[in-house]
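# Structure assessment
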Amino acid sequence: MTQDNGELDSLVRKRIRALRVAQGWSLEELAARAHLSQSTLSRIENGKRRLALDQLVTLARALGTSLDQLVETATDDVVTSPVIDATHELMRWPVKADPGMTVVRQRMTNPPPDSPSRLRAHQGREWLVVLSGTAVLLLGNRRFRVETNQAAEFPTMLPHAIGAEGGPCEILGIFDRDARRGHQRGDDV
């Protein structure tokens, strides 16, 4: 999908207003933060003033975002299909906004390893939520039961492993770039 300048202009103006309102700021407050007059900001939001690059940079900073995010256009590829890995009973989705991030859904049937030597450590962070069943997270010398709808987040430099308890469980995990690489080397999630 291509967007003409009029559509982009309108989108940016709506985005500025929406971000201001989401922060709970009045026109006056954002204008002060962006070092603009309240009248200028009002005309920018209402389409009665030309969008100038220097003002957009200033507004982006004041709104706590980047110029890229402020002028980002909609894409056609909003919906993503998973890559299915039947061998490991998992699905993977890349996160387009951050190509280093990966979302994984996995069904687990085996308990966590019983030997501390089988725990793995690598760079990164992981986050997981149990969709069904009960998972056991071994993290260093600690053991955590993570039940349906509970989540866990941890730095992967701690030796760790996860498995099912009392029957199969399904997890949804989010891995940053380093954590994903660490698991790819071991060919597991």
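This text follows the structure it describes.
What this report covers is the structure whose coordinates are included nearby. (Residues numbered from 1 in each chain as written. Predicted model: local features only at pLDDT ≥ 70, side-chain atom pairs only at ≥ 80, totals over all residues. Heavy atoms only, no water.)

Here helix H2 (residues 27-34) crosses helix H4 (residues 53-62) at 110°, and the two axes come no closer than 8 Å. The pairing of H2 with H4 is recorded here as roughly perpendicular in orientation. Handedness of the H2/H4 crossing: right-handed. From H2, Leu-30, Arg-33 and Ala-34 reach across to H4, where they touch Thr-58, Leu-59 and Ala-62. Within the contact of H2 with H4, the residues separate by chemical class into four nonpolar, one polar and one charged. (Axes fitted to C-alpha atoms, helices over the stretch in contact; angles between N-to-C directions. Helix = DSSP H or I, 4+ residues; strand = E, 2+ residues; numbered from the N terminus. Parallel < 35°, antiparallel > 145°, perpendicular 65-115°, else oblique. Left-handed = near helix turned anticlockwise from the far one by under 90°. Contact = heavy atoms within 4.5 Å. Nonpolar A, V, L, I, M, F, W, Y, C, P; charged D, E, K, R; others polar.)

Moving on, we get to the pairing of strand S6 (residues 142-147). In regular strands, side chains alternate between the two faces of the sheet. Here strand S5 (residues 134-139) pairs with S6 via six bridges, running antiparallel. Bridging from a neighbouring strand, Val-136 pairs with Arg-145 of S6. Linkage of S5 to S6, two consecutive antiparallel strands, is achieved through a turn of two residues, within which Gly-140 is found at a positive phi near 65°. (Pairing = 2+ DSSP bridges.)

Another point: the sheet that holds S5. Read across the sheet, three strands follow the order S6-S5-S8 without closing on themselves; strand pairing throughout is antiparallel. Of all strands in the sheet, those bounded by a partner on one side alone are S6 and strand S8 (160-164). This sheet shows a mean twist of 20° between the axes of neighbouring strands, independent of strand direction. Sheet topology note: the S5/S8 ladder contains five bridges and is antiparallel. If you follow Leu-139 over to S8, its bridge partner there is His-160.

The next point concerns the pattern of salt bridges. This structure, assessed with the given rule, holds eight salt bridges. A salt bridge links Glu-45 to Arg-20; the shortest N-O distance between them is 2.7 Å. Here the residue Glu-45 occupies a position in helix H3 (residues 38-45), and Arg-20 occupies one in helix H1 (residues 5-23), the gap between them amounting to 25 residues. Of the two residues, Glu-45 and Arg-20, neither departs from the other in class, the shared state being buried. For Arg-143, the salt bridge identified is with Glu-165, shortest N-O distance 3.4 Å. With Arg-143 in strand S6 and Glu-165 in the loop between S8 and strand S9 (169-175), this pair connects stretches of sequence that are 22 residues apart. Classification of Glu-165 by relative accessible area gives partly exposed; the value is 26%. (Salt bridge = Lys/Arg side-chain N within 4 Å of Asp/Glu carboxyl O. Buried < 20%, exposed > 50% of the residue type's maximum accessible area, 1.4 Å probe, protein only.)

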